[in-house]
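Chain by chain, the residues:
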Amino acid sequence: MTGLRKSIHGEWSSRWAFILAATGSAVGLGNIWRFPYITGQYGGGAFVLLYIMCVLLIAMPIMICEIMLGRRGRQSPINTMFSLAEEEGLNKAWRYLGWLGVVAGFMILSFYSVIAGWTLDYIYRASSGSFSGVSDTEILSIFNGLLGNPELLIVLHTVFMSFTVIIVSMGVQSGLERAVKFLMPALFILLLIMVGYAMSTPAFNQGLSYLFKPDFSRLTGEGVLAAMGQAFFSLSLGMGAIMVYGSYLSSRASIVRTSISIVIMDTSVALLAGMAIFPLVFAYGLEPGSGPGLIFVTLPIAFGQMPYGQFFGTAFFVLLMFAAWTSSISLLEPAVAWLVENRDMKRVNAAALAGLLAWILGIGSVFSFNIWQDAKLFDKTYFDIMDYLTSNVMLPLGGLLIAIFSVWLMPRRSSIDELKIGDGLAYKSWRLLARYLAPVGVLIIFLNAIGIL
Ligand code: TRP
């Protein structure tokens, strides 16, 4: 029966289209905005090394599980989990795993859209030349001026959320495929140019060794948790985004090869972003751990000084906005697919409703950068809490449950049937990682962070 199931929402036109869409989902603010600032907050090299280990040993096997479940269920994550549980004679409460994902998706999208709004403002500033020749103090005051203006932030948040809703209403193929095909390679090239510029600064080596030379004395239990959280966040794992994309994947495509390509592209973009940013941080004596504003105060200095900086700066923030866009749609898609399936809503209405909900949640993040900046719980603002809860708790928990379902509960023959890589070394290695290393890894990191281990 499973092989015959078809998605009511359509299918990717090819395996390549899926790779593009899934890479579009993975590559976004997580790589260029979040990776450098989190790396800075947790001390550099040791964090990066752990991040890479989490990507390879925990996230990649879970990505294979998530795509596999999606393609087998061919529905929104909630209904996919429900049907697969039913089919294998398991408890139907597994559908709540789909719900966990939908909630996490709203929470992430709510702040994601606020940050993406910053890039909209920066497109305007870069193109109007306001970065040319700025000093670090000038750019700091530009950035702080933006954060201190809640009305503007709300307008930008609204514009970005509307973009997201529009693309999601157009459906998976027409909207997505085209955007990713040209924009991703362009972003990649621009990042290479930025790394080239970073090489010309006196602190390039210092930046590189900060990024790649592990100093384990700077790593805390919390840092290990953050590395795992970043791996899930950056690869869009643990909340059903990749599952719902997998549900539109043709049954002939190879899930394993596809996952490997996505991981390679996503990780290269993050590392390139780090290589472009840290040399600037040190060259201008900025603080690597300064937080979410890191790229917004370092990159403009570079654009203000390099040749054709106005052009490159504009192009960079435009591409970053598009990268954020192809990610944000995947945060909304699981909820929208469910509304279409179960509430019989039109795609447009479903997208608008879900977008509105995330928009409302996002207002809190807007305020946490200005009028609520001192309202803290456990020393964290509203934005910090949303970000921390989703990346460090909900996504790894979702991923853990996805792995348990895929390799402990679903019978071996079902995964052999779905992955279509036979029963050889590749299959066995995946199963070993997904069965033992990934779930145990997630658990140990959780326990370690709350101080039990
Ligand atoms: N991975 C995206 C980024 O790096 C963000 C994202 C899109 C995401 N879909 C997701 C994060 C699902 C977690 C879960 O910017």
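Predicted, not measured: the structure shown is a model, and the values here were computed from it.

Calculation criteria
Residues numbered from 1 in each chain as written. Predicted model: local features only at pLDDT ≥ 70, side-chain atom pairs only at ≥ 80, totals over all residues. Heavy atoms only, no water. Helix = DSSP H or I, 4+ residues; strand = E, 2+ residues; numbered from the N terminus. Rg over C-alpha atoms; globule rule 2.2 N^0.38 Å. Buried < 20%, exposed > 50% of the residue type's maximum accessible area, 1.4 Å probe, protein only. Contact = heavy atoms within 4.5 Å. Areas by Shrake-Rupley, 256 points an atom, 1.4 Å probe, with all protein chains shown as cover. Lys, Arg positive; Asp, Glu negative; His and termini not counted. Charge placed at Lys NZ, Arg CZ, Asp CG, Glu CD. Near = heavy atom within 4 Å. Polar contact = N/O pair within 3.5 Å; in protein donor to acceptor, adjacent residues only side chain to side chain. Axes fitted to C-alpha atoms, helices over the stretch in contact; angles between N-to-C directions. Parallel < 35°, antiparallel > 145°, perpendicular 65-115°, else oblique. Nonpolar A, V, L, I, M, F, W, Y, C, P; charged D, E, K, R; others polar. Salt bridge = Lys/Arg side-chain N within 4 Å of Asp/Glu carboxyl O. Patch = residues over 30% accessible without salt bridge, like charges linked within 9 Å, V, L, I, M, F, W, Y side chains within 5 Å. Arc of directions from axis to C-beta. Left-handed = near helix turned anticlockwise from the far one by under 90°. Phe/Tyr/Trp six-rings, centres within 6.5 Å; stacked < 30°, edge-to-face > 60°. Lys NZ or Arg CZ within 6 Å of the ring centre and 35° of its normal. Expected span 1.5 Å × (residues − 1). Bend = angle between axes of the 7 residues up to and from the residue. Core = buried A, V, L, I, M, F, W, Y, C linked by side-chain atoms within 4.5 Å.

I'd like to hear about the overall build of the chain, residue by residue, with values.
Regarding its fold elements, the chain presents 18 helices and 0 strands. For 453 residues, the compact-globule estimate of 2.2 N^0.38 gives 22 Å, and the chain sits close to it at 21 Å. By its C-alpha atoms, the chain is 65 × 50 × 40 Å across when sized along the principal axes. The buried share of the chain, reckoned over its 453 residues, is 62%. Long-range contacts, defined as pairs at least 24 residues apart, comprise 82% of the intrachain contacts of the chain with a sequence gap of at least 6. By element, 66% of the accessible surface of the chain is carried by carbon and sulfur atoms, the whole surface being about 16,900 Å². Measuring between centres, the 27 positive side-chain charges of the chain sit 11 Å from its 24 negative side-chain charges.

Pulling in residues and values, what's your account of the site of the ligand?
Taken together, 17 residues sit near the ligand, with Ala26, Gly30, Tyr112, Phe233 and Ser236 positioned nearest. The separation between an oxygen atom of the ligand and a polar main-chain atom of Ala26 is 2.8 Å. A distance of 2.7 Å is found between an oxygen atom of the ligand and a backbone nitrogen or oxygen belonging to Gly30. Compared with its free state, where it exposes 370 Å², the ligand has 100% of that area covered by protein.

I'd like a description of the packing of helix α2 (residues 29–41) against helix α5 (residues 95–127), backed by residues and values.
Between α2 and α5, the shortest axis-to-axis distance is 12 Å and the interhelical angle comes to 90°. Judged on the interaxial angle alone, α5 and α2 are roughly perpendicular. Of α5, the residues touching α2 (which contributes Leu29, Gly30 and Trp33) are Phe111, Tyr112, Ile115, Ala116, Trp118 and Thr119. Classifying every residue of the contact of α2 with α5 by side-chain character gives 7 nonpolar, 2 polar and no charged.

Now, about the pattern of salt bridges: what can you tell me, with residues and values included?
If you walk through the whole model with that rule in mind, you get 7 salt bridges. Note that Asp423 and Arg412 form a salt bridge whose closest N and O atoms lie 2.9 Å from each other. Of this pair, Asp423 sits in the loop between α17 (412–419) and α18 (425–449) while Arg412 is found in helix α17, placing the two residues 11 residues apart along the sequence.

Give a description of the side chain of Thr23 that names residues and reports values.
Considering the arrangement of structural elements, one finds Thr23 in helix α1 (residues 15–26). For Thr23, the residues in contact, after removing those within four places along its chain, are Ile262 and Met265.

Tell me about a nonpolar patch on the surface, residues and numbers included.
A surface patch of nonpolar side chains, amounting to about 920 Å² of accessible area, comprises Leu49, Met53, Leu56, Leu57, Phe216, Trp408, Leu409, Leu432, Tyr436 and Leu437. Elements supplying a minimum of two residues to the nonpolar patch: α3 (45–73), α16 (382–409) and α18. Here the nonpolar patch takes 4 residues from α3, the largest share from any one element. By the element assignment, Leu409 lies in helix α16. Note on Leu409: relative accessible area 33%, which makes it partly exposed.

Please give an account of α17 that cites residues and values.
Regarding α17, the residues found buried are Ser414, Ser415, Glu418 and Leu419. The arc that holds the buried residues of α17, viewed along the axis, is 115°, so those residues lie on one side. Lining the buried residues of α17 we find α3, α12 (255–283) and α18. Lys420, located one to two residues past α17, shows a positive phi value of around 55°.

Could you give an account of the packing of α5 against α16, naming the residues involved and the relevant values?
Where α5 meets α16, the closest approach of the two axes is 10 Å, and the angle between their N-to-C directions is 145°. Between α5 and α16 lies a crossing of left-handed hand. When α5 is examined against α16, the residues Leu97, Leu100, Val103, Ala104, Met107, Ile108, Phe111 and Ile115 are found in contact with a partner set consisting of Phe383, Met386, Asp387, Leu389, Thr390, Met394, Leu395, Leu397, Gly398, Leu401 and Ile402. Taken together, the residues of the contact of α5 with α16 break down into 16 nonpolar, 2 polar and 1 charged.

I'd like a description of the packing of aromatic side chains, backed by residues and values.
Counted under the stated rule, the structure contains 30 aromatic pairs. Here Arg34 stacks its cationic end above the ring of Phe233, 4.9 Å away from the centre of that ring. Its end group placed over the ring of Tyr388, Lys380 keeps NZ or CZ at 4.6 Å from the ring centre.

A description of α2 should follow, citing residues and the corresponding values.
The periodicity of an α-helix, 3.6 residues per turn, causes residues three or four positions apart to be oriented the same way. In this model, α2 (13 residues) spans 17 Å end to end at C-alpha, consistent with the 18 Å of a helix rising 1.5 Å per residue. The axis of α2 is deflected most strongly, by about 35°, at Phe35, and proline Pro36 appears within four residues downstream. The buried fraction of α2 is high, at 12 of 13 residues. For α2, the set of buried residues is Leu29, Gly30, Asn31, Ile32, Trp33, Arg34, Phe35, Pro36, Tyr37, Ile38, Thr39 and Gly40. Of the residues flanking the end of α2, it is Gly43, one or two places downstream, whose phi is positive at about 95°.

Before we move on, could you go through the nonpolar core and cite the residues and values that matter?
Ranked by size, the top nonpolar core spans 172 residues in total, and within it Trp33, Trp118 and Phe317 carry the most contacts. A per-element tally of this core places helix α14 (residues 309–342) first, with 19 residues. In this structure, Phe317 is in contact with Thr119, Tyr122, Ile123, Ala126, Phe131, Phe296 and Phe303, ignoring residues within four places of it in sequence.

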